[in-house]
Amino acid sequence: LAIVEPHGNHTVLVAQAPRESVRTVEPRLTRIFGSDSMEMWSPALSPDGRWVAFVDVYRDGPDAVNLWVVSTTGGAPVRLTAGRYFDVLPTWFPSGDRIAFRSNRASQNVVMTMPFDPQTGQAAGPPRQVTLEPPGRFVLSPDGRWVAYFTHTGRVHRLNVVPAEGGAIRQLLQIDDSTAVPSQWGGSPPMVWSANGESVYFVLDQAGTHAQSIMRVRAAGGNAQEVALLPPQVSAIYLSPDARYVFRRIRRGAGQDDLSEVTTIDGRTIARLALPKGMWPQRFTPDGRGLVAALTHRVAPIRVVPVAGGPVRQLTEAREYDWPVGWSPDGSRLFLRTRIDGRAALLDVPVAGGPSVQWLMPADAGQPGTISADGRYVTYSLDSANR
């Protein structure tokens, strides 16, 4: 988990340069937290910069996703929610003492809030339901009093506002998807409040094209206005909290990586970012001066530890993305799935140390699946790409 600061000291003169002369910069990265046992998604930095809330999508099994928080100064993550629920999209209130999130704890997905103690890093009370209808992405107003969110019924999408404490819903906008739909990128439409809380900015995908429009509508109501129209090869991914900046991707030709850019709301390029392979920004920081990014599925060594306690032993050197699939009957060897020269393989590793044995799988095999109880057979799936 890292903070990406594309502007450095924020005195970048290249912001005024023509688009074609904007150089790609290596952003300054601040590592906040890392784990080889947790899958971190939707990281959100608290307003005071002391905490990162996130979801661990695999720890509790396929039918449960819960919220966690970790200190930016280090330490063990703390669980905030539990149970067989999908608690996702943690969003901090400006005060830093409450967290809003989307959950299926009611009969359907709704926005909920939960008090948080910034001194202890613990939940300070139970979750409380705010909305009555299922939202897509939602955003909190700068004063923490309102929640704006999109919902849809049939082919109609509605932008609503509701008090953060719960109450009467006010509709700001209604869109028929034959014309345009709220942009979805990883399930999170780009949407923010203006700094003064008077307007909501959002992104629409224009029907029948690959073009996007950045729109603005007043929180008091009225017609939406187009702020910027993006060309088909450009996708607006996130808007900064004050609606000043846009993080976007530019699609290039086959065999070329997409470009990452930070621009002003009206399209002036501030910087192109050269991000580490596999790193993906998740949202802007609360002050809009950086991006919170997560790097997942990194190659990590396989370790074993005695269940009765004792020293940890490292079994692999993390040259590939290895994954344990089973033990030998006597527990002396661990079977790992790996890749050798691009092909799926099985690795037989002695736990007590010594040389490992490698078996290449058939050419049409996907990754190895499970090991039989006697350790003599392994299942695998056929790779459709090689059929």
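Bear in mind the structure is a predicted one, so any value in this text is a computation, not a measurement.

Undergrad: Tell me what's going on with the side chain of serine 71, and back it up with residues and numbers.
TA: Within the secondary structure, serine 71 is located in strand β6 (residues 66–71). Note on serine 71: relative accessible area 14%, which makes it buried. Separated by 2.7 Å, the side chains of serine 71 and threonine 73 make a polar contact. Ignoring sequence-local partners within four residues, the contact set of serine 71 consists of Arg50 and Trp51.

Undergrad: Go over the pairing of strand β30 (residues 323–327) with me, naming the residues and quoting the values.
TA: Of the pairings in the sheet, the one linking β30 to strand β31 (residues 333–340) comprises four bridges and is antiparallel in character. Within β31, the position partnered with proline 324 by the bridge is leucine 336. Hairpin connection from β30 to β31: five residues lie between these consecutive antiparallel strands, with glycine 331 at a positive phi of about 75 degrees.

Undergrad: Can you explain the packing of aromatic side chains? Please cite residues and give values.
TA: The geometry of two aromatic rings is summed up by the distance between their centres and the angle between their planes. Applying the stated criterion across every chain, the model contains four aromatic pairs. Aromatic side chains tryptophan 51 and phenylalanine 116 sit 5.8 Å apart centroid to centroid with 80 degrees between the ring planes, which places their arrangement in the edge-to-face category. In this pair, tryptophan 51 is assigned in strand β5 (residues 51–56) and phenylalanine 116 in strand β10 (residues 110–117), connecting sequence segments 65 residues apart. Both residues of the pair, tryptophan 51 and phenylalanine 116, belong to the buried class. An angle of 85 degrees between the planes, with centres 5.1 Å apart, marks the rings of tryptophan 92 and phenylalanine 116 as edge-to-face. Placement of tryptophan 92 in strand β8 (residues 88–92) and of phenylalanine 116 in strand β10 is noted, with a sequence separation of 24 residues between them.

Undergrad: So what's going on with the confidence of the model for the chain? Residues and values would help.
TA: Here the chain averages 80 in pLDDT, and 86% of its residues register 70 or above. For the stretch residues 7–19, pLDDT sits under 50, and the model shows 23 contacts to residues farther than four places along the chain or on other chains.

Undergrad: Before we move on, can you summarise the nonpolar core with the specific residues and values?
TA: Counting residues in each nonpolar core, the largest one holds 27 residues, and the members touching the most others are Leu80, Trp92, Phe116, Phe138 and Val147. Elements with a minimum of two residues in this core: β5, β6, β8, β9 (98–103), β10, β13 (138–140) and β14 (146–153). Take this core: its biggest share by element is five residues, from β10. Counting residues in each nonpolar core, the second largest holds 17 residues, with Val139, Leu159, Phe202 and Leu204 among its members.

Undergrad: Now, about the side chain of arginine 272: what can you tell me, with residues and values included?
TA: With respect to the element layout, arginine 272 can be found in strand β25 (residues 269–273). For arginine 272, the side chain forms a polar contact with the side chain of glutamate 261, separated by 2.8 Å.

Undergrad: Describe the environment of glycine 197, with residues and values.
TA: Examined against the element boundaries, glycine 197 turns out to sit in the loop between β18 (191–193) and β19 (199–206). With 51 residues separating them in the primary sequence, glycine 197 and tryptophan 146 have C-alpha atoms 9.3 Å apart. Ignoring sequence-local partners within four residues, the contact set of glycine 197 consists of Pro142 and Ala219.

Definitions and limits used
- Residues numbered from 1 in each chain as written.
- Predicted model: local features only at pLDDT ≥ 70, side-chain atom pairs only at ≥ 80, totals over all residues.
- Heavy atoms only, no water.
- Helix = DSSP H or I, 4+ residues; strand = E, 2+ residues; numbered from the N terminus.
- Buried < 20%, exposed > 50% of the residue type's maximum accessible area, 1.4 Å probe, protein only.
- Polar contact = N/O pair within 3.5 Å; in protein donor to acceptor, adjacent residues only side chain to side chain.
- Contact = heavy atoms within 4.5 Å.
- Pairing = 2+ DSSP bridges.
- Phe/Tyr/Trp six-rings, centres within 6.5 Å; stacked < 30°, edge-to-face > 60°.
- pLDDT = per-residue confidence, 0-100.
- Core = buried A, V, L, I, M, F, W, Y, C linked by side-chain atoms within 4.5 Å.

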